[in-house]
Amino acid sequence: MSVQSGESRHRVVVIGSGFGGLFGTQALKNADVDVTLIGRTTHHLFQPLLYQVATGILSVGDIAPATRMILRKQKNARVLLGDVETIDLENKTVTSQLLERRTVTPFDSLIVAAGAGQSYFGNDHFAEFAPGMKTIDDALELRGRILGAFEQAELSDDPDERARLLTFVVVGAGPTGVELAGQIAELSRRTLREAFRHIDSTEARVVLLDGAPDVLPVYGGKLSRKTRQTLEGLGVQIQLNAMVTGVDADGLTVKEKDGTERRIESQCKVWSAGVAASPLGKQLAEQSGAGIDRAGRVEVLPDLSLPGYPNVFVIGDMMSLDKLPGLAQVAMQGGKYAAKQITASVEEGQDPAQRAPFRYFDKGSMATISRFSAVAKVGKLEITGFLGWIAWLFVHLLYLVGFSSKVSTLLSWAQAFFSTGRNQMAATEQQVFGRLAIQRLRTEEDAAEAREAVARREAG
Ligand SMILES: Cc1cc2nc3c(=O)[nH]c(=O)nc-3n(C[C@H](O)[C@H](O)[C@H](O)COP(=O)(O)OP(=O)(O)OC[C@H]3O[C@@H](n4cnc5c(N)ncnc54)[C@H](O)[C@@H]3O)c2cc1C
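Residues numbered from 1 in each chain as written. Predicted model: local features only at pLDDT ≥ 70, side-chain atom pairs only at ≥ 80, totals over all residues. Heavy atoms only, no water.

Enquirer: Would you take a moment to explain unusual backbone geometry for this structure?
Expert: Most peptide bonds are trans, and most residues other than glycine sit at a negative phi. For Glu-194, which is not glycine, the phi dihedral falls at a positive 70°. Its place among the elements puts Glu-194 in the loop between helix 7 (175-191) and strand 11 (205-209). (Helix = DSSP H or I, 4+ residues; strand = E, 2+ residues; numbered from the N terminus.)

Encoded structure:
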């Protein structure tokens, strides 16, 4: 175990290199503090474009620049790779693990921005056959699964098997599900058209399922209607009021509103239906007495801090405050706000009781449906179609981190949108099977540990 004590200045520890953690760290650039950012990945991930990695438009590097490189000129910040396992609020330490190495990092102020994972609403076993879309690994695995299904279909002479292989089901009709379903449809209708000899890729069936009565239910009205029409124009089958009750290797079972159940045969399923905040939230709630909502988010005070711990901030997808949505802007603004409070207390001796509450500035939200078509909502303004797509393009380029990411993304988009080509159509065996192999190893390790514990108990 090593103890990273840092310098003698006020020590700020930031957990997570996502939108909240990175923007919080950068906002402390000129503060008289030493910042340690601890992340479980070496990169900052632009999650809103993950689906484009999964469908062969963008490369990993376009949306996941190395955190260390982004912060290399910020002299008061250092980056530690590690999975944070424990936060000790009383002793003011964070313990992280990297392979066999355990590191304890003391803090004076803490920003917790560990985000959220996929939620299967108590059916975690669905994950084996319907992976989510939260990480680079998820996106690369999905790319392999999508392309692999077409390859297997090309080899099959059995019409039923071919139909199963060419049926792609996206569960969850929120922005990610809509974007993914639209891109799988475009991939099959445009990019892969005429690339196979035995199958017709344009006949692939893309199903978008949701238990809710509409697509993009947070938008509703005109935007949901427009999204539905555009997706149906692309050939996506939209099935609403449909709850998934079972998922296996060959398909899924769906329960209709009237209680009847039916089966969809499909090899490639994707889950984009729910989120659950990082389990670190539970630790923080238990230690501070803060409440926790159904998605595992910590109920923070109006200054984003924990009750009784004014120097511990929980932000982004991990926090519950005023029903704010899980959006990148909420996390970025939360990170900047927390950094400002820390700076004010260190440099001006500001009393936490005097802090102005966090105010979220809603810059709107958007989802792209296909090339040249998106929906966007900014306040009361609703934009659809090509204009919405231009707004989407501009905003995403603006917030991509790093000049080279912006340039390479723009080039990849030019190719994907103006020709039929996509540059990132490779998938390796490891990308497809790596997650399952690691899971199996972990299960075996856990079982071996449990057996050893029983043996020790019996012996002692
Ligand atoms: C597929 C997808 C599409 C999306 N599209 C949009 C969109 O179009 N517009 C929009 O506004 N929002 C979108 N979002 C939501 C947006 O990405 C999140 O709201 C935002 O990323 C939240 O920021 P965060 O900092 O709280 O968490 P994240 O950005 O998720 O960052 C969390 C960080 O913590 C790290 N971490 C987690 N646990 C640990 C641990 N134990 N130890 C160390 N590090 C840890 C993670 O590796 C990650 O770096 C999308 C999300 C997804 C998944």
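Enquirer: What should I look at first to understand the sheet that holds strand 10 (residues 167-171) in this one?
Expert: Paired through backbone hydrogen bonds, the strands of a sheet run either parallel or antiparallel to each other. Taken in spatial order, the 4 strands make up an open sheet running 12-11-10-16, and their pairing is parallel. Each of the sheet's edge strands pairs with one partner strand only, and the pair in question is strand 12 (236-239) and strand 16 (268-271). Strand-to-strand twist across the sheet, computed as the mean angle between neighbouring axes with direction ignored, equals 20°. Bridge count between strand 10 and strand 16: 4 bridges; the pairing is parallel. Its bridge partner lying in strand 16, Val-171 is registered against Trp-271. Across the sheet, helix 5 (residues 136-155) lies against strand 10 and strand 16, angled at about 155° from strand 16, the strand it touches most. (Pairing = 2+ DSSP bridges. Axes fitted to C-alpha atoms, helices over the stretch in contact; angles between N-to-C directions. Contact = heavy atoms within 4.5 Å.)

Enquirer: Sorry if this is basic, but what is going on with the pairing of strand 13 (residues 243-248) here?
Expert: The two faces of a sheet get side chains in turn, since along a regular strand they alternate between them. With 5 bridges connecting them, strand 13 and strand 14 (residues 251-255) associate as antiparallel partners. Looking at the pairing, Val-247 lines up with Leu-252 of strand 14. In this structure, the hairpin formed by strand 13 and strand 14 is closed by a connection of 2 residues.

Enquirer: Help me out: how do you make sense of the side chain of Ser-320 in this one?
Expert: Along the polypeptide, Ser-320 turns up in strand 21 (residues 319-320). Residues within four places of Ser-320 in sequence aside, it is in contact with Asp-293, Arg-297, Val-298, Glu-299 and Val-300.

Enquirer: What exactly am I supposed to notice about the environment of Gly-434 here?
Expert: Here Gly-434 is to be found in helix 13 (residues 429-459). The class for Gly-434 is partly exposed, based on a relative accessible area of 23%. In sequence terms Gly-434 and Glu-141 are 293 residues apart; their C-alpha atoms lie 8.2 Å from each other. (Buried < 20%, exposed > 50% of the residue type's maximum accessible area, 1.4 Å probe, protein only.)

Enquirer: Can you walk me through the side chain of Thr-227 in this structure?
Expert: Its place among the elements puts Thr-227 in helix 8 (residues 221-233). If near-sequence neighbours (up to four positions away) are discounted, Thr-227 is found in contact with Val-178, Val-215, Leu-216, Ile-369 and Val-375.

Enquirer: Help me understand the site of the ligand, please; the structure alone is not making it clear to me.
Expert: The ligand sits among 26 residues. The nearest are Gly-20, Gln-47, Val-84, Asp-317 and Ala-328. Between the ligand and Ala-328 there is a distance of 2.9 Å, counted from an oxygen atom to a backbone nitrogen or oxygen. Protein chains shield 89% of the accessible area of the ligand, which is 1000 Å² for the free molecule. Of all the secondary-structure elements, those providing two or more residues to the shell around the ligand are helix 1 (19-27), strand 5 (83-88) and helix 10 (328-348). Of the residues in the shell around the ligand, the class split is 10 nonpolar, 12 polar and 4 charged. (Near = heavy atom within 4 Å. Polar contact = N/O pair within 3.5 Å; in protein donor to acceptor, adjacent residues only side chain to side chain. Areas by Shrake-Rupley, 256 points an atom, 1.4 Å probe, with all protein chains shown as cover. Nonpolar A, V, L, I, M, F, W, Y, C, P; charged D, E, K, R; others polar.)

Enquirer: Help me understand the sheet that holds strand 14, please; the structure alone is not making it clear to me.
Expert: If you trace the 3 strands from one edge of the open sheet to the other, you get 13-14-15, paired in antiparallel fashion. The sheet terminates laterally at strand 13 and strand 15 (261-265), the two strands that pair on one side only. Averaged over neighbouring strand pairs, the angle between their axes works out to 25° when direction is ignored.

Enquirer: Looking at this structure, how should I read the packing of aromatic side chains?
Expert: Here the structure, examined in full by the defined rule, presents 14 aromatic pairs. Taken together, the aromatic side chains of Phe-372, Phe-386, Trp-389, Trp-392, Trp-413, Phe-417 and Phe-418 make up a single cluster linked through ring pairs. (Phe/Tyr/Trp six-rings, centres within 6.5 Å; stacked < 30°, edge-to-face > 60°.)

Enquirer: I keep staring at the packing of helix 1 against helix 10 and nothing clicks. Help me out?
Expert: Between two packed helices, what matters for the description is the angle formed by their axes and the separation of those axes. Between helix 1 and helix 10, the least distance of the axes is 7 Å, while the angle of their chain directions is 30°. Both helix 1 and helix 10 take part in a crossing whose hand is right-handed. Contacts between helix 1 and helix 10 involve Phe-19, Gly-20, Phe-23, Gly-24 and Ala-27 on the former and, on the latter, Ala-328, Ala-331, Met-332, Gly-335, Lys-336 and Ala-339. Grouping the amino acids of the contact of helix 1 with helix 10 by side-chain chemistry returns 7 nonpolar, 3 polar and 1 charged. (Left-handed = near helix turned anticlockwise from the far one by under 90°.)

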